[in-house]
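As a plain string of letters, each chain reads:
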Amino acid sequence: MPPSKRIRPIGQPTRGKTALNRLRQVDVYIALTRSAYLTGISPLVVDVGYGAQAWTAIEMWERWLSFNPNLRLLGLEIDPERVAAAQPYSQPNVLDFRLGGFNLADVLGGEKATIIRAYNVLRQYDEEAVTDALYKMAQGLTIGGILIEGTSTPSGNIVAFDVYEKMTNGALTHRELVFGTNFRQLVTPLQFQAILPKRLIHHMQDEGPAAFFEAWQHSLRLAKSMGQTGQRQQWQLAAHFLHQRFGYPIDVRRRILRRGYMGIQASLLP
Ligand SMILES: C[S@@+](CC[C@H](N)C(=O)[O-])C[C@H]1O[C@@H](n2cnc3c(N)ncnc32)[C@H](O)[C@@H]1O
């Protein structure tokens with residue numbers, strides 16, 4: 001990837017708080033469900049807004065290296081001091097940290113990313129900025145590539161994220177909303193409302209999201225009433241109920257649910 005000309009990054013400065021292993025669940029989910037994106041000659045993944053420390057960007061790269069030792073990672077930050085702080089971790093041709101914003105296509109200079117992740121970034125923006133930010137980022141994505149946008153708790157014990165795919169006509173399609181837990185804390189559906197992707201977080205009273213969370217709580221109560229005492233079992237059974245009784249298009253594969261993920265293959269909002 002050639003060095004880019006100096007182009008003003010699009011976005012605004014925000015808090016840079018992050019934590020070691022905070023995004024582990026997101027990385028593992030992509031490895032479990034979309035490892036094909038990591039194959040190829042030397043695919044490029046971009047982490048937009050890696051924060052005050054480059055930990056989660058480097059961890060993502062290291063986790064996915066097992067799928068492809070030639071995987072390249074570009075970390076982008078809008079804050080020049082955070083870019084400077086990450087430089088000691090860069091490795092020629094594989095691991096790079098640069099100044100950049102949502103207009104990452106300007107930094108990539110014609111190259112396209114296979115996966116773009118922007119995590120705990122949009123939550124600090126106004127809701128009105130979301131669509132533009134997503135479409136700006138998608139300009140740096142290859143056709144068929146995926147864009148992950150989401151939020152987590154400070155430790156990353158629970159996560160919620162959207163997965164978008166770039167279609168052949170260049171449009172961005174919402175593929176999945178994913179909830180994840182590592183079961184280290186007692187988890188209730190309502191806890192996820194606080195970490196929903198930015199497009200949803202102010203819409204909890206809207207018909208679609210409200211009905212979904214009510215159905216999820218009902219399903220969880222049902223799972224508990226059937227004698228499931230372990231959180232993992234309750235999580236899995238509740239997902240099955242959501243699917244079978246309420247008709248939500250949940251990915252009910254056991255290997256996904258038992259790892260603490262629940263992916264809904266449709267948007268909860270039009
Ligand atoms: C809360 S940190 C998130 C760090 C890490 N992704 C995580 O989830 O732990 C948000 C970071 O996004 C950066 N940021 C905000 N807007 C950005 C933009 N448009 N382009 C690149 N970075 C941005 C901020 O400078 C900040 O360091």
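Residues numbered from 1 in each chain as written. Predicted model: local features only at pLDDT ≥ 70, side-chain atom pairs only at ≥ 80, totals over all residues. Heavy atoms only, no water.

## Examining the packing of helix α1 (residues 24-33) against helix α2 (residues 55-65)
Axis separation between α1 and α2 bottoms out at 10 Å; the angle between their running directions is 30 degrees. Judged by the inter-axis angle, α1 sits roughly parallel to α2. In terms of crossing hand, the pair formed by α1 and α2 is right-handed. Across the interface between the two elements, Arg 24, Asp 27, Ile 30 and Ala 31 of α1 pack against Glu 59, Met 60, Arg 63 and Trp 64 of α2. Considered class by class, the residues forming the contact of α1 with α2 number 4 nonpolar, no polar and 4 charged. (Axes fitted to C-alpha atoms, helices over the stretch in contact; angles between N-to-C directions. Helix = DSSP H or I, 4+ residues; strand = E, 2+ residues; numbered from the N terminus. Parallel < 35°, antiparallel > 145°, perpendicular 65-115°, else oblique. Left-handed = near helix turned anticlockwise from the far one by under 90°. Contact = heavy atoms within 4.5 Å. Nonpolar A, V, L, I, M, F, W, Y, C, P; charged D, E, K, R; others polar.)

## Regarding the site of the ligand
Near the ligand, the surroundings consist of 26 residues, among which Thr 18, Arg 22, Glu 77, Arg 82 and Tyr 125 are the closest. Between an oxygen atom of the ligand and a side-chain N or O atom of Thr 18, the distance comes to 2.6 Å. Measuring from an oxygen atom of the ligand, one finds a side-chain N or O atom of Arg 22 at 2.8 Å. Taking 610 Å² as the accessible area of the ligand by itself, protein coverage stands at 99%. Of the residues belonging to the shell around the ligand, the class tally is 9 nonpolar, 12 polar and 5 charged. (Near = heavy atom within 4 Å. Polar contact = N/O pair within 3.5 Å; in protein donor to acceptor, adjacent residues only side chain to side chain. Areas by Shrake-Rupley, 256 points an atom, 1.4 Å probe, with all protein chains shown as cover.)

## What about the pattern of salt bridges?
For the structure on display, the rule yields 10 salt bridges. With its nearest N and O atoms 2.8 Å apart, the salt bridge here joins Asp 27 to Arg 117. Highlighted residues: Asp 27 in helix α1 and Arg 117 in strand β4 (residues 113-119), separated in sequence by 90 residues. The exposure class of Arg 117 is buried, given its relative accessible area of 1%. (Salt bridge = Lys/Arg side-chain N within 4 Å of Asp/Glu carboxyl O. Buried < 20%, exposed > 50% of the residue type's maximum accessible area, 1.4 Å probe, protein only.)

## Quick look at the domain arrangement of the chain
Considered domain by domain, the chain is made up of domain 1 (24-181) and domain 2 (203-248). Here the C-alpha centroids of domain 1 and domain 2 sit 30 Å apart. (Domains from an automatic or database assignment.)

## Here we look at the packing of aromatic side chains
Each aromatic ring pair is described using two quantities: the centre-to-centre distance and the angle formed by the ring planes. Evaluated as defined, the whole model comprises 17 aromatic pairs. With a centroid separation of 6.1 Å and 80 degrees between ring planes, the pair formed by Phe 179 and Phe 213 is classed as edge-to-face. With a gap of 34 residues between them, Phe 179 in strand β7 (residues 172-181) and Phe 213 in helix α8 (residues 207-225) connect regions that are remote in the sequence. For the pair formed by Phe 179 and Phe 213, the shared burial category is buried. (Phe/Tyr/Trp six-rings, centres within 6.5 Å; stacked < 30°, edge-to-face > 60°.)

## Examining the packing of α8 against helix α9 (residues 231-244)
Taken N-terminus to C-terminus, the directions of α8 and α9 make an angle of 125 degrees; their axes are 8 Å apart at the nearest point. Between α8 and α9, the interaxial angle falls into the category oblique. α8 and α9 meet at a crossing whose hand is right-handed. Contacts from Phe 212, Ala 215, Trp 216, Ser 219, Leu 220, Leu 222, Ala 223 and Lys 224 of α8 reach α9 at Gln 234, Trp 235, Leu 237, Ala 238, Phe 241 and Leu 242.

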